[in-house]
Amino acid sequence: MSDNVTVTCEINASAEQVWKMVSDLPRMGEWSPENEGGVWLKGANGPKEGVKFRGSNRHGKRKWKTIATIIDAEPGRKLTFRITVLGIPDSEWSYDLEPTDGGCRVTESWADRRPGWFKPLTALVSGVSERETHNRAGMEQTLEALKAAAESA
């Protein structure tokens, strides 16, 4: 893992409420500027260790799908999943939640797991050559949108 990005946001809602939102991966498109949501696979209906999810993504006119495997799902505290594209490691995403006096602190993290040879191919498909900078901006937007939705609920 060469590139890593971490973004943190204070949200005036309980960690349990926010975890329910971020762990509902089909809804992720409501907050993310790149992910459009997706579907749980093989009869799954929510996040549990080992469960898979097919995500739909877009950047401008470009669209692609990924497979996420849940590796940690601790309600109210943590959600982590690993992404593959065509069976090739792509990234690891994590949401860590800490209760605070006014609600919770959410930390979204991304780690690049792509082999070096795969990076130019993913840039062609997605139209994003500088993934670290692009993801930081997207993560900031995601957490701000999540905050607005959680605080208005």
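What you are looking at is a predicted structure, and each value in this text was computed from that prediction instead of being measured.

Conventions we followed
Residue indices follow the written sequence of each chain, beginning from 1 at its first position. For a predicted model such as this one, the threshold for reporting local features is a pLDDT of at least 70, and the threshold for listing and counting side-chain atom pairs is 80 or more; totals across whole chains, interfaces and linings nevertheless cover every residue. Each side-chain value is worked out from all heavy atoms of the structure, with water and hydrogens disregarded. Each patch is assembled from residues with relative accessible area greater than 30% and no salt bridge, linking like charges that lie within 9 Å and nonpolar side chains (Val, Leu, Ile, Met, Phe, Trp, Tyr) that lie within 5 Å. To measure how exposed things are, a 1.4 Å probe is used in the Shrake-Rupley method; for residues, cover is taken only from the protein chains shown. For salt bridges, the criterion is a side-chain nitrogen of Lys or Arg within 4 Å of an Asp or Glu carboxyl oxygen. Where helices and strands are cited, they refer to DSSP runs of H or I of at least four residues and of E of at least two residues respectively, numbered from the N terminus. Following DSSP output, two strands are said to pair if at least two bridges run between them. Note on geometry: axes are C-alpha line fits, over the in-contact stretch for helices, and angles between N-to-C directions span 0 to 180 degrees. Only heavy atoms enter the contact rule, under which two residues are in contact if any of them lie within 4.5 Å. To sort residues, take the accessible area from a 1.4 Å probe on protein chains only and compare it with the maximum for the residue type: under 20% means buried, over 50% means exposed, and anything in between is partly exposed.

The next subject is a nonpolar patch on the surface. Residues Trp 117, Leu 121 and Leu 124 make up a contiguous nonpolar surface patch of roughly 360 Å² in combined accessible area. Mapped onto the elements, Leu 124 comes out in helix H2 (residues 119-126).

To continue, consider the sheet that holds strand E1 (residues 4-11). Pairing is antiparallel across the open sheet formed by seven strands, whose spatial order is E1-E7-E6-E5-E4-E3-E2. Each having just a single partner strand, E1 and strand E2 (35-40) make up the two edges of the open sheet. This sheet shows a mean twist of 25° between the axes of neighbouring strands, independent of strand direction. For E1 and strand E7 (residues 103-112), the ladder comprises eight bridges, and the chain directions are antiparallel. Within E7, the position partnered with Cys 9 by the bridge is Val 106. Where helix H1 (residues 15-22) meets the sheet, it contacts E1, strand E4 (62-74), strand E5 (78-85), strand E6 (88-100) and E7, and its direction lies at approximately 160° from that of E6. Most of the contacts of helix H3 (residues 131-152) go to E1, to which it runs at about 15°, and overall it touches E1, strand E3 (52-59), E4, E6 and E7.

The next point concerns unusual backbone geometry. Despite not being glycine, Lys 42 shows a phi value in the positive range, around 55°. Positionally, Lys 42 belongs in the loop between E2 and E3. A positive phi angle, near 55°, is found at Leu 86, a position not held by glycine. Looking at the element boundaries, Leu 86 is found in the loop between E5 and E6. On the accessibility criterion, Leu 86 (82% relative accessible area) is exposed.

Tallying each qualifying case throughout the model produces eleven salt bridges. Between Glu 36 and Arg 58 there is a salt bridge, with the nearest N and O atoms lying 3.2 Å from each other. Here Arg 58 lies in strand E3 and Glu 36 lies in strand E2, a separation of 22 residues in the sequence. Residue Arg 58 is classed as partly exposed on the basis of its relative accessible area, which comes to 24%. Taking the shortest distance from any N to any O, the salt bridge between Arg 82 and Glu 92 comes out at 2.6 Å. A residue pair is termed long-range when its members are at least 10 positions apart, and Arg 82 in strand E5 and Glu 92 in strand E6 qualify at ten residues. Ionic contacts of the salt-bridge type, sharing partners, join the residues Glu 10, Glu 98 and Arg 105 into one network.

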